[in-house]
Amino acid sequence: MFLQSHVGLLHLLPALPKAWPTGSVKGLRARGGYEVDIAWKDGKLTEAVIRSRLGGTCKVRYGEKSVELRTEAGKTYRLSASLEP
């Protein structure tokens, strides 16, 4: 619903229910050592915060957009709805 993760890929809001048009979640654990916070409004992503525990390359996807992050252990990365840092 909120996050789908595969090794090296985080898919944000892949199946958000229409009944929850606005909201946020914090502390979702993802494969590869990532922790993710997501906020949305009117059914669309407003912000994602990704914390990397292990470092490495991570591809983040939202809808048709995607970005590749080269993360460092212990660092936090903020992305807007356009997946821009």
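Residues numbered from 1 in each chain as written. Predicted model: local features only at pLDDT ≥ 70, side-chain atom pairs only at ≥ 80, totals over all residues. Heavy atoms only, no water.

**Notes on the environment of methionine 1**
By the element assignment, methionine 1 lies in the segment before β1 (3-6). C-alpha separation for the pair methionine 1 and leucine 13, spaced twelve residues apart in sequence, amounts to 6.0 Å. Contact partners of methionine 1, with chain neighbours within four places excluded, come to Leu13, Pro14, Ala15, Leu16, Pro17 and Trp20. (Helix = DSSP H or I, 4+ residues; strand = E, 2+ residues; numbered from the N terminus. Contact = heavy atoms within 4.5 Å.)

**A closer look at the packing of aromatic side chains**
Any two aromatic rings considered together are summarised by their centre-to-centre distance and by the angle between their planes. Counted according to the given criterion, the structure contains two aromatic pairs. Taking the centre distance of 5.8 Å and the plane angle of 15° together, the rings of phenylalanine 2 and tryptophan 20 count as stacked. Separated by 18 residues along the polypeptide, phenylalanine 2 in the segment before β1 and tryptophan 20 in the loop between β2 (9-12) and β3 (23-30) bring together distant segments of the chain. Note on phenylalanine 2: relative accessible area 18%, which makes it buried. Members of the aromatic cluster, connected to one another through ring pairs, are Phe2, Trp20 and Trp40. (Phe/Tyr/Trp six-rings, centres within 6.5 Å; stacked < 30°, edge-to-face > 60°. Buried < 20%, exposed > 50% of the residue type's maximum accessible area, 1.4 Å probe, protein only.)

**Re the sheet that holds β1**
Taking strand neighbours across the sheet as the criterion, the four strands line up as β1-β2-β6-β7 in an open arrangement whose pairing is mixed. Edge positions in the sheet fall to β1 and β7 (65-71), since each of these pairs with one other strand and no more. The sheet shows a mean angle of 20° between the axes of neighbouring strands, direction not considered. In terms of strand pairing, strand β6 (residues 56-62) meets β7 through seven bridges, oriented antiparallel. The residue bridging arginine 61 from the neighbouring strand is serine 66, located in β7. (Pairing = 2+ DSSP bridges. Axes fitted to C-alpha atoms, helices over the stretch in contact; angles between N-to-C directions.)

So far we have only geometry, and geometry alone does not tell us how the molecule works.
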